[in-house]
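Structural characterization, general
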Protein chains: 2
Amino acid sequence: MITTKNKLKDRIEELFALAPDCNGGANRPAFSKAEAEAMLLVAGWARAAGLEPAVDPFGNLWCLPPGDGPFVTSGSHVDTVPDGGRLDGSLGTVIAVEAAERVAGQRGILVCAAEEAARFGAGTLGSRSMTGNLSDTDLARMRDAEGRGALSVRSEYLNALERIPKLERAPLERVLAHVEVHIEQRADLRKHGLSLGIATTIAGPVRHRLRFIGEVAHAGETPAAERRDALCAAAEIVLLAEKLCQQYAPHTTATVGTLLIHPNSLTSIPGAAELGVDIRSVEPGGAKRLLDELLHGARRAAGSRGVTLADVPLSVSEPTVMDEAMVRAAESACGRLEVRCGRCVSFAGHDAQHIARTVPAALLFVASENGVSHAPGEAANWKDMEAALAVLVELMHSLQGGGNDGR
Amino acid sequence: MITTKNKLKDRIEELFALAPDCNGGANRPAFSKAEAEAMLLVAGWARAAGLEPAVDPFGNLWCLPPGDGPFVTSGSHVDTVPDGGRLDGSLGTVIAVEAAERVAGQRGILVCAAEEAARFGAGTLGSRSMTGNLSDTDLARMRDAEGRGALSVRSEYLNALERIPKLERAPLERVLAHVEVHIEQRADLRKHGLSLGIATTIAGPVRHRLRFIGEVAHAGETPAAERRDALCAAAEIVLLAEKLCQQYAPHTTATVGTLLIHPNSLTSIPGAAELGVDIRSVEPGGAKRLLDELLHGARRAAGSRGVTLADVPLSVSEPTVMDEAMVRAAESACGRLEVRCGRCVSFAGHDAQHIARTVPAALLFVASENGVSHAPGEAANWKDMEAALAVLVELMHSLQGGGNDGR
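Residues numbered from 1 in each chain as written. Chains lettered and ligands numbered in written order. Predicted model: local features only at pLDDT ≥ 70, side-chain atom pairs only at ≥ 80, totals over all residues. Heavy atoms only, no water.

1. Quick notes on helix α10 (residues 324-337) of chain A
Residue and element names in this part refer to chain A. End to end, α10 covers 20 Å across 14 residues, agreeing with the expected 20 Å (1.5 Å per residue, within 8%). Inspection of α10 places Ala-325, Met-326, Val-327, Ala-329, Ala-330, Ala-333 and Cys-334 among the buried residues, and these make up the whole buried set. Looking at the buried residues of α10, the elements they touch are β5 (175-183), β6 (196-202), β14 (341-346), β15 (361-366) and α12 (382-400). Taking the backbone nitrogen of Ala-325 as reference, a side-chain oxygen 3.0 Å away marks Asp-323 as the first, capping residue of α10. Backbone geometry just downstream of α10 places Glu-338 in the positive-phi region, at approximately 55°. (Helix = DSSP H or I, 4+ residues; strand = E, 2+ residues; numbered from the N terminus. Expected span 1.5 Å × (residues − 1). Buried < 20%, exposed > 50% of the residue type's maximum accessible area, 1.4 Å probe, protein only. Contact = heavy atoms within 4.5 Å. Polar contact = N/O pair within 3.5 Å; in protein donor to acceptor, adjacent residues only side chain to side chain.)

2. Structural notes on the relation of the copies chain B and chain A
Mapping chain B onto chain A calls for a screw motion: a turn of 180° about the axis and a shift of 0.0 Å along it, with 0.0 Å RMSD after fitting. Interpreted geometrically, this transformation is the action of a two-fold axis. Among all residues of chain B, the one whose C-alpha sits closest to the rotation axis is Ala235(B), at a distance of 2.3 Å. Interface overlap between copies is the fraction of interface residues in one copy that are interface residues in the other; for chain B against chain A it reaches 100%, indicating a shared surface. (Least-squares fit on C-alpha atoms with pLDDT ≥ 70 in both.)

3. Considering the pattern of salt bridges
All names here are of chain A. Counted according to the given criterion, the structure contains 58 salt bridges over all chains. As a salt-bridge pair, Asp-144 and Arg-119 come within 2.8 Å of each other at their nearest N and O atoms. A residue pair is termed long-range when its members are at least 10 positions apart, and Asp-144 in the loop between α5 (136-141) and α6 (150-160) and Arg-119 in the loop between β4 (107-111) and α4 (125-130) qualify at 25 residues. By relative accessible area, Arg-119 is classed as partly exposed at 25%. Because the salt bridges share partners, they merge into one network encompassing Lys-7, Arg-11, Glu-98, Glu-101 and Arg-102. (Salt bridge = Lys/Arg side-chain N within 4 Å of Asp/Glu carboxyl O.)

4. A look at the pairing of strand β11 (residues 272-281) of chain B
All names here are of chain B. Within β11, 9 of the 10 residues are buried, leaving the element largely enclosed by the surrounding structure. In this sheet, β11 lies alongside strand β7 (residues 204-213) in antiparallel orientation, the contact comprising 10 bridges. Within β11, the position partnered with His-208 by the bridge is Val-277. (Pairing = 2+ DSSP bridges.)

5. Structural notes on the environment of Glu318(B)
All names here are of chain B. Tracing the backbone through its elements, the reader meets Glu-318 in the loop between β12 (308-315) and β13 (320-321). The class of Glu-318 is partly exposed, set by a relative accessible area of 44%. Within the local environment of Glu-318, its side chain forms a polar contact with the backbone nitrogen of Gly-285, the two atoms lying 3.0 Å apart.

6. Remarks on the side chain of Arg154(B)
Locating Arg154(B) in the fold gives a position in helix α6 (residues 150-160). Engagement of the side chain of Arg154(B) in a polar contact is seen with the side chain of Asp136(B), the distance being 3.2 Å.

7. Side note on the domain arrangement of chain A
All names here are of chain A. We note that the domain assignment places domain 1 (4-202 + 320-400) and domain 2 (204-316) within chain A. Each of domain 1 and domain 2 was reduced to a C-alpha centroid, and the two centroids are 33 Å apart. Every contact between the two is made by 10 residues of domain 1 and, on the other side, 9 residues of domain 2. Counting each side, the surface lost to burial between domain 1 and domain 2 is near 780 Å², with a carbon and sulfur contribution of 57%. Scanning the region where domain 1 abuts domain 2 turns up 0 salt bridges. Listing elements by their share of the side of domain 1 that touches domain 2, those giving two or more residues are β6 and β14. Here the residues of the side of domain 1 that touches domain 2 sort into 5 nonpolar, 5 polar and no charged. (Domains from an automatic or database assignment. Buried area = accessible area lost by both parts, 1.4 Å probe. Nonpolar A, V, L, I, M, F, W, Y, C, P; charged D, E, K, R; others polar.)

8. Side note on the packing of aromatic side chains
Residue and element names in this part refer to chain A. Counted under the stated rule, the structure contains 2 aromatic pairs over all chains. Centre to centre, the rings of Phe-31 and Tyr-157 are 5.3 Å apart; their planes meet at 55°, and the pair counts as tilted. Here the residue Phe-31 occupies a position in the loop between α1 (4-17) and α2 (33-48), and Tyr-157 occupies one in helix α6, the gap between them amounting to 126 residues. For Arg-86, the ring lying beneath its charged end belongs to Phe-16, and the centroid distance is 3.7 Å. (Phe/Tyr/Trp six-rings, centres within 6.5 Å; stacked < 30°, edge-to-face > 60°. Lys NZ or Arg CZ within 6 Å of the ring centre and 35° of its normal.)

9. Examining the side chain of Asp88(A)
Residues and elements named next belong to chain A. Positionally, Asp-88 belongs in the loop between β3 (71-74) and α3 (90-102). Salt bridges are absent for the buried Asp-88, whose nearest opposite-charge side chain, Arg-28, sits at 8.3 Å. Within the structure, Asp-88 has its side chain in polar contact with the side chain of His-182 (distance 2.8 Å). Here the side chain of Asp-88 touches Gln-185 through a polar contact of 3.4 Å, side chain to side chain. If we skip the residues at most four places from it in the chain, Asp-88 touches His-77, Asp-79, Glu-116, His-182, Ile-183, Gln-185, Ser-373, His-374 and Glu-378. (Lys, Arg positive; Asp, Glu negative; His and termini not counted.)

10. What to know about the sheet that holds strand β11 (residues 272-281) of chain A
Residue and element names in this part refer to chain A. The strand order across the open sheet built from 4 strands is β9-β11-β7-β12, with neighbouring strands paired in antiparallel fashion. The sheet is open, and its two borders are formed by β9 (252-262) and β12 (308-315), each paired with just one other strand. The mean inter-strand angle of the sheet, taken between neighbouring strand axes irrespective of direction, is 20°. Docked against the sheet, helix α9 (residues 286-303) engages β7 (204-213), β9, β11 and β12, running at close to 5° with respect to β7. (Axes fitted to C-alpha atoms, helices over the stretch in contact; angles between N-to-C directions.)

Quick look at the structure:
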């Protein structure tokens, strides 16, 4: 007997098996062949559920109901960070497919492309492009570690999806409402005995690259007073980011996630160090305030060592306040099904926050067992996943009905 | 007309042209194809000068005079750090070839292999192996960034030298004395109006790898208090090494030259960070004292963040005091030729310090114009190089004579 649990689980494993990496995680980078293969897999499931798959010019997968009337959508993403988890993106996608099977009529699936675009120092490329918040020029400027531009990588990705019909544009005007289900990315819900969280605010990430240029010199023969060590300047910023993250808690975070040095040789003083910092806040202006303090420290750390600093903004954004009527509709659905839910915020960026600019959107979190995210250890309880599916089905029914239940 | 300057210069350029890298530096890593090609080039020059090239089991190139009597040698190395300079190793090698042409009789050339073995977190592999200070087991344990062992890479390198006859062992017992000429690696000699420096002590390097293991987690969703950030622990050690390098100056140095983090993703808290530290001292026990302070700090930096620390010793050594009679012989040669010289110490490791354990050896520095070392900007004055050549010729003559001039 195929239970819902097994069906969700099997599909999550099918997605994982496309590109497992050697450290036990999933490895489907933004706009990669592996992301395209995952999209093809979802398209096949959607077709079996009576929907018609199509790809918009931004690489997002739409699975449309027959006809050209309005419909409600659900979905998440299928790309991953390097060495990522099994559930991030995949869970919300397979739940959306299952909900589409169970909800009759005007419902569809929307799987956004390149949500985890860490390779380009960014995220949510598909949903931001679709909603007019990211231009092709912006994409062309984004480079991965190998120097490849996001725009040309997207072309290759679109070619890999040639079996799916193309849309001339994203049919957002037909969407009545959109719901994204996602694994929780910390461990708050379980602590409070809740199965589901309903996001009221999504943090706006601010990302910056800092490049310190000193001078490569001999590790033994260069006296302390004559060194221009780029790594030492960078290390000061790693620690300043850590300190600011503590000072600004709990509304704002800061993380140095990337650091590369040159020439990275044991007998040479590092002449260059480049780090990437990620700042997030659920308070308007919070991320910008932290960034200003960090840049002030970076200029001081560089200046005191005769090191130069180049700072490259990667992305700037403000927190998104989610549609209150959608939040209440989700609460009502949970209430009718006796699923324990609570309101929460999200520090992680999600496609739902960009879609929310054009379409009423909700973001629902399934309780995490351990708070692990963006790593192989991600875990959720199957009962909570099934509860999320039931709530999604209930919510899509009610949203199709024209906006009752508090909307 | 071929002047000495042009001949030295042309040969330095010939060595450089074997493997220039894209950043303007030389790139002939230890035991690489490029190092083998450089050895073949030197062997050809030596053959033209009437010497017989041969390779010992450790990869060192010997260019021997006819017969089986005693002889004096000179030489340096032909491998480089990544993005290295034109003169490091090359200058002492081409000067040795030229001296061998000018000094008749019992003189040879010794070019040691894998002096710049930064790829294996070590140095002077050829001279240490030859003098019994490094076993094949030690070599087999050394790995480069691609996981390749030094012993198997050496086998490939020896295969690339198959055109040169092989020696069953290094003929050290025939060597009366050895002189290594090298570009100065700081800018002290020029400041004091000197053309040549004669090393009295060579620092003993101590090298260590520190591996911090924390936990990969989501950059936005992991509260400050729950982070186990391996990069933050590593950054504290980068700054502690900088501070200790200032405190222990001028007799001891410390440098963090390598740092790699995992997963190195903008949206993930680094779960692992591995750094390499290089410590050098011209005082007995000095490097070890600094290392102890650094390791104490590393344990504290890790412990306060819930991060674990593994420390891997790469190499340990004490400073080498050079043969006083050889220092005086070099001073006499300079005196006779009216070349301005002075005594100095070396913080950089050199093959001469290992050869000095078995054979009377001297290390002569040619004044650097700018103090740049291990980088493309290395520069020396041609007059000083010609003076070094003249001193070397004079010194080899006197050393052949059975050890007069103060020996």
